[in-house]
Amino acid sequence: MSELKDVISKNIVELRTKARLTQLQLAEMLNYSDKAVSKWERGEAIPDVRVLVRIAEIFGVTLDEIVRESNISPQVQPVKKINGKRVFITALSAVLVWFVATGLFTLFYFIPVTAPYAYLVFVVAPLPTAVVLIVFSAKWGNRITNAVATSLIVWSCVLIFHIFTLTFSDFKQIYFLYLVGAVFELLVIMWFTYRWYAATKVKKRDKKKEEKAVDATEEEGEI
């Protein structure tokens, strides 16, 4: 066990140093105290599996690289420093949706039968854009970006129903669509608020357990 502690502590120190993070910065990213990080780096305690997985995600390495004697990549960057690339990829994918929409609009515009309705392509385009955003948000984002992307899907659907209803029917009570959209938006807010609350409780519980384990290990060492 002591050998494993030494290996993990050495790798955490090396990763943090190469990423140019302080113990406090790493602790804030993990939602732990810098005291806990200090204990891990001195080999006085071992982070639990979930924390080790999170550390691996932050530094872009595998869990195996943290728990085994291995050569850490000389170029280590915390996730927060590579978010720009992810934002660019997400934005490029969203722009691609509108590029395709423009192509379809051009095609439909020069067909006599569909020409009067070619503009509807741009009415529908926000929905696949929102779907692209929620896919990338689920992979790289957080609860806030997921909530925003979900809200965009809701209101994109409302917009589509609104424009198509005005275009192809005589239905006048359009406000009903926005009432339904508001109800779904409220459900989205409630759902993500609940998830945030539940995740916060779990983090606080795990943090207390980890800090108790660190303190217990320190007391054993003093004895």
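Our structure is the block above this text.
Residues numbered from 1 in each chain as written. Predicted model: local features only at pLDDT ≥ 70, side-chain atom pairs only at ≥ 80, totals over all residues. Heavy atoms only, no water.

Peer 1: In this structure, what is going on with the side chain of S137? I would like to understand it.
Peer 2: With respect to the element layout, S137 can be found in helix α8 (residues 126–140). Owing to a relative accessible area of 7%, S137 belongs among the buried residues under this scheme. Those residues in contact with S137 that lie beyond four places of it in its chain are N142, T145 and N146. (Helix = DSSP H or I, 4+ residues; strand = E, 2+ residues; numbered from the N terminus. Buried < 20%, exposed > 50% of the residue type's maximum accessible area, 1.4 Å probe, protein only. Contact = heavy atoms within 4.5 Å.)

Peer 1: Just checking my understanding: could you explain unusual backbone geometry for this structure?
Peer 2: The bulk of non-glycine residues show a negative phi, and the bulk of peptide bonds are trans. Positive phi, close to 60 degrees, is recorded for R20, a residue that is not glycine. Taking relative accessible area as the criterion, R20 reaches 73% and is therefore assigned exposed. The phi angle at N31 is positive, at roughly 65 degrees, despite the residue not being glycine.

Peer 1: Can you walk me through the packing of helix α2 (residues 23–30) against helix α3 (residues 34–41) in this structure?
Peer 2: Each packed pair of helices is defined by two parameters, the angle between the axes and the distance between the axes. Where α2 meets α3, the closest approach of the two axes is 8 Å, and the angle between their N-to-C directions is 110 degrees. One finds that α2 runs roughly perpendicular with respect to α3. The chirality of how α2 crosses α3 is right-handed. From α2, Q23, L24, L26, A27 and L30 reach across to α3, where they touch D34, V37, S38, W40 and E41. Of the residues belonging to the contact of α2 with α3, the class tally is six nonpolar, two polar and two charged. (Axes fitted to C-alpha atoms, helices over the stretch in contact; angles between N-to-C directions. Parallel < 35°, antiparallel > 145°, perpendicular 65-115°, else oblique. Left-handed = near helix turned anticlockwise from the far one by under 90°. Nonpolar A, V, L, I, M, F, W, Y, C, P; charged D, E, K, R; others polar.)

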